[in-house]
Amino acid sequence: NAGVTQTPKFQVLKTGQSMTLQCAQDMNHNSMYWYRQDPGMGLRLIYYSASEGTTDKGEVPNGYNVSRLNKREFSLRLESAAPSQTSVYFCASSDKGSPGTQYFGPGTRLLVL
Amino acid sequence: SQQGEEDPQALSIQEGENATMNCSYKTSINNLQWYRQNSGRGLVHLILIRSNEREKHSGRLRVTLDTSKKSSSLLITASRAADTASYFCATDVTGYKLSFGAGTTVTVRA
């Protein structure tokens, strides 16, 4: 099992460009999450999907959109990137039956110039 | 705002010593979890303690939870160089969404 995979690993964008971060999990988990991590800030939840077909805003959703493509895949889209979105993005998944333990991908480092 | 806050922000210890870090939170929780993050990697789940538990052990890790003080502590005994990492507490309030603190960076000196 690969667990949670993310692509790309690293990306440089210019202000105003768009891109989609991909995430997939092979653990048959119901819930998936997108976080951003900035120095000294810990992880902040952007969006989450408690189950296939549902998505909800987290703590910092502005400037992002998500798609729960199927049970395995959850993508994060930046429609018009801004320098403030320079960050490390983590995808995670958890099993609905568990009390919230999350499994994380390796992260995507995004630099917006 | 973040639910959990770790203290201290950074900790430097000698190999073989114990490391203790604390987490305080604001609202009632279902459970509290601790995660480790090695430099440049994703987070790895370490241990979960439920709101009705007071202490839990896993190998060299010992976690305590005091719901009356809304605080938890993580103790790593007999530290090793491989324990050098950032440690995060996360609170489960809803059953499917976690709120993370800013983390404690632990450096274990050889």
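Please refer to the structure placed before this passage.
A brief look at the structure comes next.

Cut-offs used in this document
- Residues numbered from 1 in each chain as written.
- Chains lettered and ligands numbered in written order.
- Predicted model: local features only at pLDDT ≥ 70, side-chain atom pairs only at ≥ 80, totals over all residues.
- Heavy atoms only, no water.
- Helix = DSSP H or I, 4+ residues; strand = E, 2+ residues; numbered from the N terminus.
- Rg over C-alpha atoms; globule rule 2.2 N^0.38 Å.
- Buried < 20%, exposed > 50% of the residue type's maximum accessible area, 1.4 Å probe, protein only.
- Contact = heavy atoms within 4.5 Å.
- Areas by Shrake-Rupley, 256 points an atom, 1.4 Å probe, with all protein chains shown as cover.
- Polar contact = N/O pair within 3.5 Å; in protein donor to acceptor, adjacent residues only side chain to side chain.
- Pairing = 2+ DSSP bridges.

1. Looking at the overall build of chain A
Tallying secondary structure elements over chain A gives 0 helices and 11 strands in all. Ordered by position in the sequence, the α and β elements of chain A form the string β-β-β-β-β-β-β-β-β-β-β. Against the 2.2 N^0.38 benchmark of 13 Å for 113 residues, chain A shows a C-alpha radius of gyration of 13 Å, consistent with a compact globule. When its C-alpha atoms are laid out on the principal axes, chain A stretches across 40 × 25 × 25 Å. Burial status across chain A gives 48% buried among its 113 residues. Within chain A, residue pairs in contact and separated by at least 24 positions form 55% of the contacts whose partners lie at least 6 positions apart. Accessible surface, chain A as shown: approximately 5100 Å² in total, 49% of it carbon and sulfur.

2. Thoughts on the side chain of histidine 29 of chain A
Residue and element names in this part refer to chain A. Relative to the elements of secondary structure, histidine 29 occurs in the loop between strand S3 (19-25) and strand S4 (31-38). The class for histidine 29 is buried, based on a relative accessible area of 7%. From its side chain, histidine 29 meets the backbone nitrogen of serine 94 in a polar contact 3.5 Å long. Aside from chain neighbours lying at most four places away, what touches histidine 29 is Arg68, Lys71, Ser93, Ser94, Asp95 and Tyr103.

3. Some details on the pairing of strand S11 (residues 104-109) of chain B
Residues and elements named next belong to chain B. By the alternation rule, side chains of S11 split into Thr104, Val106 and Val108, which are all buried, and Thr105, Thr107 and Arg109, of which none is buried. Relative to S11, strand S9 (residues 85-92) runs antiparallel, the two sharing 3 bridges. Residue serine 86 lies in a different strand from S11, and its bridge partner there is threonine 105.

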